Amino acid sequence: MTDPAVDTATDTDTGTGTTAGPRSAAGATAEQPEQPADAEALRERALATLVTARERTTLLTSCVEGPDLTAQVSPLMSPLVWDLAHIGNQEEQWLLRAVAGHEAIRPEIDSLYDAFEHPRAERPKLPLLSPEEARRYAADVRGRALDVLEGTAFHGTRLTEAGFAFGMIAQHEQQHDETMLITHQLRKGPPALTAPDPDPVPLFTGPAEVLVPGGPFVMGTSTEPWALDNERPAHRREVASFHLDTTPVTNGAYQAFIDDGGYDDPRWWAPEGWDHIRRHSITAPLFWRRDGGQWLRRRFGVTEVVPADEPVVHVCWYEADAYARWAGRRLPTEAEWEKAARYDPAGDRVMRYPWGDADPGPEHANLGQRHLRPAPAGSYPAGESPLGVRQLIGDVWEWTSSDFTPYPGFRAFPYKEYSEVFFGPDHKVLRGGSFAVDAVACRGTFRNWDYPIRRQIFSGFRTARSAEVS
């Protein structure tokens, strides 16, 4: 097993699973507002998502005490207490100051919790709020924010239109909850979290792949009220016919790659990936170790036999790309992934999710830390796409072959540091969410991104191949 710390090239926050989140209310740019929606329904939705996020934050920061809250388990991650106060500080900056125009409660701590000012490796050295102070501060901000929510008219500015600012903050907190869950996974010691396992399902015996027909579709969104800037705007894309795995690649399939010498054969690896795995002696997914004739893994403080039927998790982009090459396939592009997840050929339309436009339910996908592991491959038939693809939402983030780039007509909102500064070839796009992602921060259009060496995130993949042209 490889030390997680070797996966860091730089320690800046990137991606949404490991996001820095809203930086500052100052300098927010303008954008045309969405069409107004029912104010009370928006208020109820915003309240529910904020409460759900805070309940999860409380769980993740109350199940451990003392040093486990203030210690840094890896240079890749912040101490849990930093995330807790950062969540409160961003909520104060955006909901209390930007939306309501209130004076700052504790302006002196703004710089301490600015993720762009202080890389993660440096944060333990900062004069951070103690766990007790951080809890009181976050609770004080939340009480005032709920008062703001009660009196906000959801129109007039881009921040308040359709409750965007409240949705952005709920997503931000859930993204940090996912980050804190990663910290729990990296943490050594006995288990601190428990959750029931996903329901067992029969071994999936459906087709290994599906054909996604070629042709145009509408990618991205201009109408989803809480969509973030990098998901916008909706635009036409042309995608050639291709075949896509019906389920994510499983641990059993990935073990075949290992057993066939996949980590010892440079033919399958991008040059940068080959150099990376050799330099850091990477020979299996993160948290795996071989014990005699079987593979074991550490999962949230528990050591267990690697389950063959679960989607593989904690692999970097280079590992996913190498497996795909070994299998005679490739990673799907981001556009291919979204077409498979959203396109309904019968109605020639795009949907919010693979199963339709309804918000995710427990029958559709493994989301929201309801379980602490992916569900077996082939689970959630109710979440299947019209083309027959399963588990496109939840379970594991799925690496794509695409660099993180803006859509045509992109406009940064509400600040450039959320997406724009990360555009380019350094970051690869992941799609679909994981078991650690809440539904508020997971859509058919939602985009995550990270460095291709990252493995501590809950990342897996599925493979594709181009259709033969007759």
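Residues numbered from 1 in each chain as written. Predicted model: local features only at pLDDT ≥ 70, side-chain atom pairs only at ≥ 80, totals over all residues. Heavy atoms only, no water.

### Notes on the overall build of the chain
Part 1: Within the chain, the regular secondary structure consists of 9 helices and 14 strands.
Part 2: Computed over C-alpha atoms, the radius of gyration of the chain comes to 21 Å, within 12% of the 23 Å expected from 2.2 N^0.38 for 470 residues, which places it in the range of a compact globule.
Part 3: A total of 470 residues make up the chain; the buried ones form 60% of that total.
Part 4: For the chain, contacts bridging at least 24 residues in sequence account for 79% of all contacts bridging at least 6.
Part 5: By element, 53% of the accessible surface of the chain is carried by carbon and sulfur atoms, the whole surface being about 17500 Å².
Part 6: Across the chain, the 48 positively charged side chains and the 68 negatively charged ones have centroids separated by 2 Å. (Helix = DSSP H or I, 4+ residues; strand = E, 2+ residues; numbered from the N terminus. Rg over C-alpha atoms; globule rule 2.2 N^0.38 Å. Buried < 20%, exposed > 50% of the residue type's maximum accessible area, 1.4 Å probe, protein only. Contact = heavy atoms within 4.5 Å. Areas by Shrake-Rupley, 256 points an atom, 1.4 Å probe, with all protein chains shown as cover. Lys, Arg positive; Asp, Glu negative; His and termini not counted. Charge placed at Lys NZ, Arg CZ, Asp CG, Glu CD.)

### Some words on the pairing of strand S5 (residues 288-291)
Part 1: Pairing between S5 and strand S6 (residues 294-299): 4 bridges, direction antiparallel. Within the sheet, the bridge partner assigned to Asp291 lies in S6 and is Gln294.
Part 2: Counting the residues in the hairpin turn of S5 and S6 gives 2 residues, including Gly292, whose phi is positive at 65°. (Pairing = 2+ DSSP bridges.)

### Considerations on the confidence of the model for the chain
Part 1: Per-residue pLDDT for the chain has a mean of 92; in total, 92% of the residues score no lower than 70.
Part 2: Contacts for the low-pLDDT stretch residues 1-20, under 50 throughout, to residues beyond four places or in other chains number 79 contacts.
Part 3: Of the regions scoring below 50 in pLDDT, residues 26-36 engages in 25 contacts with residues more than four places distant in sequence or in other chains. (pLDDT = per-residue confidence, 0-100.)

### Structural notes on helix H3 (residues 80-99)
Part 1: With 20 residues, H3 extends 27 Å between its outermost C-alpha atoms, agreeing within 8% with the 28 Å of an ideal straight helix rising 1.5 Å per residue.
Part 2: Burial within H3 is extensive, with 18 of its 20 residues counted as buried.
Part 3: Just downstream of H3, Gly101 is the residue with a positive phi angle, here 75°. (Expected span 1.5 Å × (residues − 1).)

### Describing the side chain of Ser78
Part 1: Structurally, Ser78 can be placed in the loop between helix H2 (67-70) and H3.
Part 2: We classify Ser78 as buried; its relative accessible area is 2%.
Part 3: A polar atom in the side chain of Ser78 sits 2.6 Å from the side chain of Arg123.
Part 4: When residues no more than four places from it in sequence are discounted, the contact partners of Ser78 are Asp83, Arg120, Arg123 and Thr183. (Polar contact = N/O pair within 3.5 Å; in protein donor to acceptor, adjacent residues only side chain to side chain.)

### A look at the packing of helix H6 (residues 251-259) against helix H8 (residues 317-326)
Part 1: Between H6 and H8, whose axes approach to 11 Å, the crossing angle comes to 80°. By the angle class used here, H6 and H8 are roughly perpendicular. Every residue of H8 that contacts H6 at Ala253, Tyr254, Ala256 and Phe257 is listed here: Glu319, Ala322, Tyr323 and Trp326.
Part 2: Of the residues assigned to the contact of H6 with H8, the class counts are 7 nonpolar, no polar and 1 charged. (Axes fitted to C-alpha atoms, helices over the stretch in contact; angles between N-to-C directions. Parallel < 35°, antiparallel > 145°, perpendicular 65-115°, else oblique. Nonpolar A, V, L, I, M, F, W, Y, C, P; charged D, E, K, R; others polar.)

### Focus on the UniProt feature "binding site: gamma-L-glutamyl-L-cysteine" (unreviewed entry) in the chain
Part 1: Following the UniProt record, one finds the feature "binding site: gamma-L-glutamyl-L-cysteine" (unreviewed entry) at Arg120, Ala121, Glu122, Arg123, Asp450 and Arg454.
Part 2: Here Arg120 shows up in the loop between H3 and helix H4 (131-151).
Part 3: For Arg120, a relative accessible area of 4% puts it in the buried group.
Part 4: Polar side-chain contacts of Arg120 include one of 2.7 Å to the backbone oxygen of Leu76.
Part 5: If you trace the backbone, Arg454 turns up in the loop between strand S12 (448-450) and strand S13 (459-460).
Part 6: For Arg454, a relative accessible area of 4% puts it in the buried group. (UniProt positions renumbered as here; feature names shortened; annotations may be inferred.)

### What to know about the pattern of salt bridges
Part 1: Enumeration over the complete set of coordinates arrives at 39 salt bridges.
Part 2: Two residues, Glu319 and Arg455, come together in a salt bridge whose shortest N-O distance is 3.0 Å. Here Glu319 is found in helix H8, whereas its partner Arg455 is found in the loop between S12 and S13, with 136 residues between them in sequence.
Part 3: On the basis of relative accessible area, Glu319 is assigned to the buried category, the value being 0%.
Part 4: A cluster of three or more residues bridged by salt bridges with shared partners is formed by Asp197, Arg297, Arg299, Glu304, Glu310 and Arg373. (Salt bridge = Lys/Arg side-chain N within 4 Å of Asp/Glu carboxyl O.)

### Focus: the nonpolar core
Part 1: In terms of nonpolar packing, the biggest core is built from 124 residues, with Leu181, Tyr254 and Phe461 touching the most fellow members.
Part 2: The greatest single-element share of this core, amounting to 10 residues, is contributed by helix H5 (residues 164-186).
Part 3: In contact with Tyr254, not counting residues within four places along its chain, are Val249, Tyr263, Pro285, Val312, Val315, Glu319, Tyr323 and Phe461. (Core = buried A, V, L, I, M, F, W, Y, C linked by side-chain atoms within 4.5 Å.)

### Focus on the sheet that holds strand S11 (residues 424-431)
Part 1: With mixed pairing, the 4 strands of this open sheet are ordered in space as S12-S11-S10-S13. Among the strands making up the open sheet, the edge pair consists of S12 and S13.
Part 2: Inspection of the sheet shows S11 paired to S12 by 3 bridges, in the antiparallel sense. Across the sheet, the residue bridging to Leu430 is Asn448, located in S12.

### A few points about helix H9 (residues 334-342)
Part 1: Of all the 9 residues making up H9, 9 are buried; the element is thus mostly covered by neighbouring parts of the structure.
Part 2: Here H9 has its buried residues at Glu334, Ala335, Glu336, Trp337, Glu338, Lys339, Ala340, Ala341 and Arg342.

### Description of the UniProt feature "binding site: Fe cation" (unreviewed entry) in the chain
Part 1: The sites that carry the UniProt feature "binding site: Fe cation" (unreviewed entry) are, in the present numbering, His86, His172 and His176. The greatest C-alpha distance among the residues just named is 10.1 Å, despite their covering 91 residues of sequence, which places them together in space.
Part 2: By secondary structure assignment, the location of His172 is in helix H5.
Part 3: At 3.1 Å, the side chain of His172 and the side chain of His86 are in polar contact.

### Overview of the sheet that holds strand S4 (residues 242-245)
Sheets are built from strands that pair by backbone hydrogen bonding, the pairs being arranged parallel or antiparallel.
Part 1: Across the sheet, 3 strands lie side by side as S1-S4-S14; this open sheet has antiparallel pairing. The sheet terminates laterally at strand S1 (209-212) and strand S14 (464-466), the two strands that pair on one side only. The average undirected angle you get between the axes of adjacent strands in this sheet is 25°.
Part 2: One ladder, built from 3 bridges, connects S4 with S14; its direction is antiparallel. Within S14, the residue paired with Leu244 across the bridge is Ala464.

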